[in-house]
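So you can see what is in the structure, the chains are spelled out below.
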Amino acid sequence: MKTRWKLVVIAAVLGYSIWALLPSMRYYSMSEDQRNKLTNEQRTKYVESAIKLGLDLQGGAHLVMEIDDSNLDENAKKDAVDRVIKILRNRIDQFGVAEPVIQKQGQKRIIIELPGLEDLDRAEKIIGQTAKLEFRLVRQEDEVGRCLTMLDKTLKGVTVTGTQVDTTRAGTPEAGTTDDKVAANTKTANVDSLLPTLKTDAAADTEVPLPGASPDKPFTSYLVSVVDGGVVVDERQVPTVKALLTTEQAQRAIPTNSQFMWADHATPMQDTQGRVLYLVEKTATLDGSALTNAQTRNDPEDPSRLNVGFTLNRQGAIKFGRFTGENIGRRIAIVLDEQVRSAPAVQSKIPNGEGRITGMKDDEEANDLAIVLRAGALPAKISVVELRSIGPTLGRDSIDAGKRATSVGFVLVVLFMIWYYKMSGVLASMALIFNMIIILAVMSTLRATLTMPGIAGLVLTIGMSVDANVLIFERIREELKKGKTVRAAIQAGFDKAFATILDSHVTTLITAFVLWQFGTGPIKGFATTLSVGLIANMFTALTGTRVVYDIITSRRHVERLSI
Amino acid sequence: MHFFENANYNFVRVRRRAMLVSAAVIVAGMLSILLHHGLKTSIDFSGGALVEIALEKPVPVQEVRSIVSNAGFGDAEITRFGQEANYLIKVREVEAKKSEAGAPGDSTGTPEGRVAKKLKAALTAGISGQQVEVRRVETVGPKIGTELRKAAFLAVIYSLIGILIYISWRFQFRFAVAAIIATAHDALVMLAFFSFVGMEMSISGIAAILTIVGYSLADTVVVFDRIRENLGLRKREDMGTLINTSINETLSRTIITSGTVMLTLVALLVFGGEVIREFALAMTVGIIAGTYSSIFIAAPILLEWQMWHPNKGRK
């Protein structure tokens, strides 16, 4: 009677396991062609019920983003991560990645998994971009001129080493002319030494002389030209000028209602590259929150290029109309993430709340910008703190390696067990197969992910899972040696081995559980397979193996046991 | 077939010598770690960037090195593996190098990310005449490493506490302490091994150590279980003999289970591929240490304890 119940349980577990594994077996035995033929519905069904492969096996990118909420107030901090996740999901969906995983980790981190992703740089841009759009009035020439003169005055004596600014001698312009000359010399020398780190093709650049920094004009001497309502700095000196502008002395020179902003791209100039620096109004007139839509459209002047057209909501449109109406002839900076994309001059009042952003490098950039603008700006800046990207071929190689290691490990263990324990070894091997089926079935039921370390866990489980049977067999052998009958030896063997199996498996489970708690991604996968393996192992040894012995010994009197 | 059928080795007699050997290995290992200023850590812990590329036909490592140096990473580590056309390029502790100060126009990337991009660009452009496939890119910020270090340390501590409670409950406190010492021994031997062969401490290294902690404990528990059983059966026997008998009685199981695990580890070492190899190697060392410690360290500690502080009713 007891045996019958055990048989029922075993049959139920085995039946369920095989049923749970069917979709996986069908899906993963399909060829690429067959999979492509599936309808979307069929595909989703398979993907939902088949075992999930980790990124390290199917290729893709794993990113950990951290949000910088230092600029947010307490209230905004609370749900900042959730808001960011919502926007990121929106962006990623529009970007077109199948089955992305976007998860909150702790208070400030977000885990993003993008299976099968190929163009990492592009994805990183779409995800990481804050996409804060603003419209700011550009200061007029006379104002800029006044500010520059002030800068020259206040920055006298400020020296630059690389991007490090020494302001200790500032405010004492009369401090010995020779010193100033030396300072000026070191300044140029340091700027030169900065070159190789800024540009990889440094050879072409060194031919173009850089404007020297003169002691009389510590700031304006860096400027090479004036365009589009801004001043131009040689691309190679941008870090130096940036550093200068952050000094306290410079801050004193800049009017309180204005601020400097850089262009987001370099402007080609004679023989070299320049970057435009704009003086703009400190408060933005309008920002991206008024945006209702953004679409790519053809550039009316050059139909081969794409622009991003945007539409503002009613309120935004009214504000924008008034703003453009009041500033005809002046320039408006279109600012994206603190960088000026372009600064077109207002030709006429724009009443309908529609505008466009020009100057896209290529169509891809235009598409991506439209996506991020539509999805909205992130409430806080985020940055990548960890990135792991696996190419599809490495994943395939890992799968092959995993298959080989698993089958070789399996064959070795089975051969050993049968050689050492004869028919009982065959029994242990069957339990082993049963074990593997249960592990995979539980993993697919739990929607756990199979990773390369997970496969290692599986292979290791093959070795460890015979342990329960080894404990039992060794015990039975001992009892047989003491002269017990086969049936009594089996009974005693199982009884005595039970406590040992329980204790040894529970201790291993404790560490597997800790590993699962502490681990990320792949390690979790390893801990999962290991834990499930240990439990399956106890189950098969204590019920499966037992039942077979019981059946053998109950039917007839057994003289000898093949063990 | 039956190994160790009538095993009757005097393990207990050599216990002090065995402990000395273990202590020597561990002390040497710790000295080696000190001399090398700590263990070498993977970018998981140190932070940095890693790029793996595959070529159609191999080029000398020097060629890859000169490309990487020209890109500004003279201290990158380059290893070649696989069918000799795979190269792994690692740059550590990017944060410390100020050379990657933010280029204008790149507001989202981290210094590590920029290093990876630069490496990728330099390698794809630098190796001429053949396709360069970027197989893997990893960048880890320094903050992650610090957190991971803390988490790994806590994981080991938590699992030891869990074990201490479980074994104290199922056996006795002294069994728990002996098991913990034996397990710590295995972890330390693995760390020593990492240092001797210059292997990196990575997340998979931590996973290997924790797995061995679990495995070695199970191994020790099997021996302890027999001791507990014999303590009830042979009340008259002196502790030394009883422990020795228990080790011998479980010896065949200890060796067979270690053996089957070793078989699978060999399969992983040979066929598991590059990603898994280090893990499998660390595991192999751990299994050897774990098997050794459950025979020569764990049970003998019980005996030492008994001699130092006799349990009532025992010689």
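Residues numbered from 1 in each chain as written. Chains lettered and ligands numbered in written order. Predicted model: local features only at pLDDT ≥ 70, side-chain atom pairs only at ≥ 80, totals over all residues.

A.B. asks: Describe the sheet that holds strand 14 (residues 291-298) of chain A, listing the residues and the values that go with them.
C.D. replies: Picture the strands of a sheet paired through backbone hydrogen bonds; they go either parallel or antiparallel. All names here are of chain A. Strand order across the open sheet formed by three strands is 14-15-18, with antiparallel pairing between neighbours. The sheet is open, and its two edges are formed by strand 14 and strand 18 (354-357), each paired on a single side. Geometrically, the sheet is characterised by an average inter-axis angle of 30° between neighbouring strands, direction not taken into account. Against the sheet, helix 13 (residues 363-375) contacts strand 14, strand 15 (306-312) and strand 18, and its axis sits at roughly 170° relative to strand 14. (Pairing = 2+ DSSP bridges. Helix = DSSP H or I, 4+ residues; strand = E, 2+ residues; numbered from the N terminus. Axes fitted to C-alpha atoms, helices over the stretch in contact; angles between N-to-C directions. Contact = placed C-beta atoms within 7 Å.)

A.B. asks: Before we move on, could you go through the sheet that holds strand 16 (residues 332-336) of chain A and cite the residues and values that matter?
C.D. replies: Residues and elements named next belong to chain A. Strands sit in the order 13-5-16-17 across an open sheet of four strands; the sheet is antiparallel. The sheet terminates laterally at strand 13 (286-287) and strand 17 (339-342), the two strands that pair on one side only. Across three bridges, strand 16 lies against strand 17 in antiparallel orientation. From the neighbouring strand, L336 faces strand 17, where its bridge partner is Q339.

A.B. asks: Account for the domain arrangement of chain B, naming residues and giving values.
C.D. replies: Its domain assignment divides chain B into domain 1 (15-41 + 144-308) and domain 2 (48-140). The C-alpha-based centres of domain 1 of chain B and domain 2 of chain B are spaced at 38 Å. (Domains from an automatic or database assignment.)

A.B. asks: Explain the pairing of strand 4 (residues 132-140) of chain B to me, using residue names and the numbers behind them.
C.D. replies: Every regular strand shows the same layout, with side chains that alternate between the two sheet faces. As paired strands, strand 19 (residues 381-390) of chain A and strand 4 of chain B are joined by five bridges and run antiparallel to one another. Its bridge partner lying in strand 4 of chain B, S389 of chain A is registered against V137 of chain B. Relative to strand 4 of chain B, strand 1 (residues 48-55) of chain B is paired through eight bridges, and the arrangement is antiparallel. When the sheet's bridge partners are listed, V51 of chain B is paired in strand 4 of chain B with V137 of chain B.

A.B. asks: I'd love a proper account of the pairing of strand 19 of chain A, names of residues and values included.
C.D. replies: Residues and elements named next belong to chain A. Judged by how many residues are buried, strand 19 sits mostly within the fold: nine of ten residues are covered. By the bridge criterion, nine bridges tie strand 2 (residues 60-68) to strand 19 in an arrangement that is antiparallel. Each bridged residue has a counterpart across the sheet, and for E66 the counterpart in strand 19 is S383. (Buried ≥ 20, exposed ≤ 12 C-beta atoms within 10 Å, placed from the backbone.)

A.B. asks: Let's hear about helix 9 (residues 274-308) of chain B: which residues, and what values?
C.D. replies: Compared with the 51 Å implied by 1.5 Å per residue over 35 residues, the 49 Å span of helix 9 of chain B between its first and last C-alpha is a close match. Considering bend angle alone, the principal kink of helix 9 of chain B is centred on S293 of chain B and spans about 50°. (Expected span 1.5 Å × (residues − 1). Bend = angle between axes of the 7 residues up to and from the residue.)

A.B. asks: So what about the packing of helix 1 (residues 15-35) of chain B against helix 9 of chain B? Which residues, and what values?
C.D. replies: Residue and element names in this part refer to chain B. For the pair helix 1 and helix 9, interaxial distance at closest approach is 10 Å and the crossing angle is 125°. One finds that helix 1 runs oblique with respect to helix 9. Note on packing geometry: the crossing formed by helix 1 with helix 9 is left-handed. In contact with R15, A18, M19 and S22 of helix 1, helix 9 contributes F296, I297, P300 and L303. Per-class residue counts for the contact of helix 1 with helix 9 are six nonpolar, one polar and one charged. (Parallel < 35°, antiparallel > 145°, perpendicular 65-115°, else oblique. Left-handed = near helix turned anticlockwise from the far one by under 90°. Nonpolar A, V, L, I, M, F, W, Y, C, P; charged D, E, K, R; others polar.)

A.B. asks: Account for the confidence of the model for chain B, naming residues and giving values.
C.D. replies: Residue and element names in this part refer to chain B. For chain B, mean pLDDT is 86; residues scoring 70 or higher make up 92% of the total. The secondary structure element of chain B with the lowest average pLDDT is helix 4 (residues 111-126), at 84, and the one with the highest is helix 1, at 95. In the model, residues 98-107 has pLDDT below 50 throughout and makes 16 contacts with residues more than four positions away in sequence or in other chains. Interface confidence in the predicted complex, given as ipTM, is 0.87; pTM for the same model is 0.77. (pLDDT = per-residue confidence, 0-100.)

A.B. asks: So what's going on with the confidence of the model for chain A? Which residues, and what values?
C.D. replies: All names here are of chain A. Per-residue confidence for chain A gives a mean pLDDT of 82; residues scoring 70 or more make up 90%. Per-residue pLDDT, averaged within each element of chain A, yields its smallest value for helix 8 (residues 177-198) (38) and its largest for strand 10 (residues 258-262) (92). Under a pLDDT of 50 for its full length, residues 171-207 has, in the predicted model, 35 contacts with residues more than four places off or in other chains.

A.B. asks: I'd like a rundown of the environment of N298 of chain A, residues and numbers included.
C.D. replies: Residues and elements named next belong to chain A. Tracing the backbone through its elements, the reader meets N298 in strand 14. N298 sits in the exposed class, given 12 other C-beta atoms within 10 Å. Separated by 29 residues in sequence, N298 and N327 place their C-alpha atoms 27 Å apart. Here N298 is in contact with P303 and L306, once residues within four sequence places are set aside.

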